[in-house]
Amino acid sequence: MIEVAKRLQTVEEYYFSKKLREVAALAASGKPIISLGIGSPDLPPPPKVLEAISESFTHPNAHKYQSYQGLPELREAMATFYKTQFAVELNPASEILPLMGSKEGIMHISMAFLNEGDAVLIPNPGYPTYQSVTNLVGAKGVFYNLDAENNWMPDFEALEKSDLTKVKLMWVNYPHMPTGAKPTETVFEDLVAFGKRHNILIINDNPYSFILNDAPKSLLAVEGAKDVCLELNSLSKTFNMSGWRVGMVMGSAEHINHILKVKSNMDSGMFFGIQKGAIEALHCADSWYSELNKVYEERRKLVWELADALDCTYDKNASGLFIWAKLPEGVKSEAFIDKILIEKNIFITPGTVFGTQGEGYIRFSLCATSEAIKETIARVK
Ligand SMILES: Cc1ncc(COP(=O)(O)O)c(C=O)c1O
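Predicted model, so just to flag it, every value in this text is computed and none were measured. (Residues numbered from 1 in each chain as written. Predicted model: local features only at pLDDT ≥ 70, side-chain atom pairs only at ≥ 80, totals over all residues. Heavy atoms only, no water.)

Draft legend 1. Seen up close, the site of the ligand. Near the ligand lie 14 residues; those nearest to it are Asp205, Tyr208, Ser234, Ser236 and Arg245. At 2.9 Å, a backbone N or O of Lys103 approaches an oxygen atom of the ligand. Within the contact set of the ligand, an oxygen atom lies 2.6 Å away from a side-chain nitrogen or oxygen of Tyr208. Relative to its unbound accessible surface of 400 Å², the ligand loses 91% to contact with the protein. In terms of residue class, the shell around the ligand is made up of five nonpolar, five polar and four charged. (Near = heavy atom within 4 Å. Polar contact = N/O pair within 3.5 Å; in protein donor to acceptor, adjacent residues only side chain to side chain. Areas by Shrake-Rupley, 256 points an atom, 1.4 Å probe, with all protein chains shown as cover. Nonpolar A, V, L, I, M, F, W, Y, C, P; charged D, E, K, R; others polar.)

Next comes the structure, spelled out in structure tokens:
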């Protein structure tokens, strides 16, 4: 028998990879499953994105290896996007690196900056990939708790009191998944100051800024942020392009160069046509965002109705692609979602997927049609 690497013993198969098999098996057995589980946009990308990829196929460079740093026009489009949307100035030649989705950036950044034994601050609740990648590179995840009372913001007082000597890196994610909490007025300034005080690299994972959020913000807009911060962004949710795999990491030229060293040893560039499509997406007019959000607003109202029918409570001020809802006192997340799955054929994500702080919560995705959500309401009522 071939023994696997020790690092594989530090991670498990991704929750959705396992659970979606179970859900698919139920559907294959004839159950009328409606999934409000995963955040994979069901709406199409902007039409001009599809035109750009189709037109790209006959370009003489279309099928060749591409630059490790992406097309200059793509980096320029990303820089313009950040300037227009967040008032952040980035040098497209040195401060932006296109990625195949922001998820791969979590691995590249960890490979570039972490040694075995380094500690990493990870939000609880939070996106599970921060922890699994930390484990894979042999570093140690240290959870910092977020809770509703503190508006899901980091508790800086508690962090300052903790042992930070081994902490090299901190993941933050505002607007926050799964809770939808938007960054407060001061949290980004506080994070930059915290990073500088303790020499910790702070990375804001920012893929949800444009969904049901009228004031998108970037950590990099804080003066001096580039000294200790990076930001990840993605076209997955903003432009309904999750399967295309386009994201980006931004920060100082020095930091980006370290990440490029890792990435250029792992892949050989992004498909030409995908880059051409991404450029078109990044140039979308404001009407793209407002039209997209009209659809999500309608769906959100329906999900609130569903949550009410399930006796859950939620924050109407939250943003993003999900509704984070608190179950009635004492009800456990996983038992609850299994019951709804079996009895009502509705798949909802248990909050515990995102950490122990998610116990007692469930997460509804807005990536289902209004008709499907109406059907879930009817089933529950
Ligand atoms: C918080 C967070 N970060 C990153 C990602 C990965 O997105 P991408 O498709 O850009 O890899 C997701 C996807 O669900 C997410 O929820």
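After presenting the structure, the write-up continues.
Draft legend 2. The packing of helix H2 (residues 47-56) against helix H9 (residues 272-282), seen in detail. As a packed pair, H2 and H9 sit with axes 8 Å apart at the nearest point and diverge in direction by 150°. Regarding the angle of H2 to H9, the classification is roughly antiparallel. Every pair of crossing elements has a handedness; the one defined by H2 and H9 is right-handed. Residues Lys48, Val49, Ala52, Ile53 and Ser56 of H2 form the contact with H9, whose participating residues are Phe272, Gly273, Ile274, Lys276, Gly277, Glu280 and Ala281. For the contact of H2 with H9, a count of residues per class yields six nonpolar, three polar and three charged. (Axes fitted to C-alpha atoms, helices over the stretch in contact; angles between N-to-C directions. Helix = DSSP H or I, 4+ residues; strand = E, 2+ residues; numbered from the N terminus. Parallel < 35°, antiparallel > 145°, perpendicular 65-115°, else oblique. Left-handed = near helix turned anticlockwise from the far one by under 90°. Contact = heavy atoms within 4.5 Å.)

Draft legend 3. Main features of helix H11 (residues 333-344). Helix length check: H11, at twelve residues, gives a terminal C-alpha distance of 16 Å against a target of 16 Å (1.5 Å per residue), a fit within 8%. Elements in contact with the buried residues of H11: helix H1 (15-28), strand S11 (346-350) and strand S12 (361-365). Note on H11: the residue one or two positions beyond its end, Asn345, has a positive phi of about 60°. (Expected span 1.5 Å × (residues − 1).)

Draft legend 4. Geometry of unusual backbone geometry. Looking along the chain, the bond that leaves Tyr174 and enters Pro175 is cis, with omega of 0°. The residue Pro175 is located in the loop between strand S5 (167-172) and helix H7 (187-198) in this model. Across the junction of Met177 and Pro178, the peptide omega takes the value 15°, indicating a cis bond. Along the polypeptide, Pro178 turns up in the loop between S5 and H7. One non-glycine residue with positive phi stands out, namely Leu212, at about 50°. On the secondary structure map, Leu212 appears in the loop between strand S6 (201-205) and strand S7 (229-234). Here Leu212 falls in the buried class, since its relative accessible area comes to 10%. One non-glycine residue, Arg245, lies in the positive phi region at around 65°. (Buried < 20%, exposed > 50% of the residue type's maximum accessible area, 1.4 Å probe, protein only.)

Draft legend 5. Local environment of the pattern of salt bridges. For the structure shown, the criterion picks out 16 salt bridges. Among the ionic pairs, Lys381 bridges to Glu305, the shortest N-O distance being 3.4 Å. Within this pair, whereas Lys381 is found in the segment after helix H12 (370-380), its partner Glu305 is found in helix H10 (residues 286-309), the two being separated by 76 residues in sequence. Judged by its relative accessible area of 34%, Glu305 is partly exposed. With its nearest N and O atoms 3.2 Å apart, the salt bridge here joins Glu343 to Lys339. On the criterion of helical spacing, the pair formed by Glu343 and Lys339 is a turn pair, its members being four residues apart in helix H11. Several salt bridges share partner residues, and in doing so they unite Lys19, Glu22 and Asp338 into one network. (Salt bridge = Lys/Arg side-chain N within 4 Å of Asp/Glu carboxyl O.)

Draft legend 6. Fine view of the side chain of Lys19. In this fold, Lys19 is placed in helix H1. On the basis of relative accessible area, Lys19 is assigned to the buried category, the value being 9%. Not counting chain neighbours up to four residues away, the residues in contact with Lys19 comprise Ile337, Asp338, Leu341 and Phe347.

Draft legend 7. Seen up close, the domain arrangement of the chain. Partitioning the chain into domains gives domain 1 (6-44 + 286-380) and domain 2 (47-282). Measuring from the centre of the C-alpha atoms in domain 1 to the corresponding centre in domain 2 gives 24 Å. Taken together, the 32 residues of domain 1 in the interface contact 34 residues of domain 2. Interface area for domain 1 against domain 2, summed over the two sides, is near 2800 Å², with a carbon-plus-sulfur share of 58%. Looking at the side of domain 1 facing domain 2, the largest losses of area belong to Tyr289, Ser319 and Gln357, adding up to 22% of the total buried there. Linking domain 1 with domain 2 are 15 residue pairs in polar contact (both at pLDDT 80 or more), by the criterion used here. Residue assignment for the side of domain 1 that touches domain 2 shows that the elements contributing at least two residues are H10, strand S10 (322-326) and S12. A total of seven residues in the side of domain 1 that touches domain 2 trace back to one element, the largest contributor, which is H10. Residues of the side of domain 1 that touches domain 2, tallied by class, amount to 17 nonpolar, eleven polar and four charged. (Domains from an automatic or database assignment. Buried area = accessible area lost by both parts, 1.4 Å probe.)

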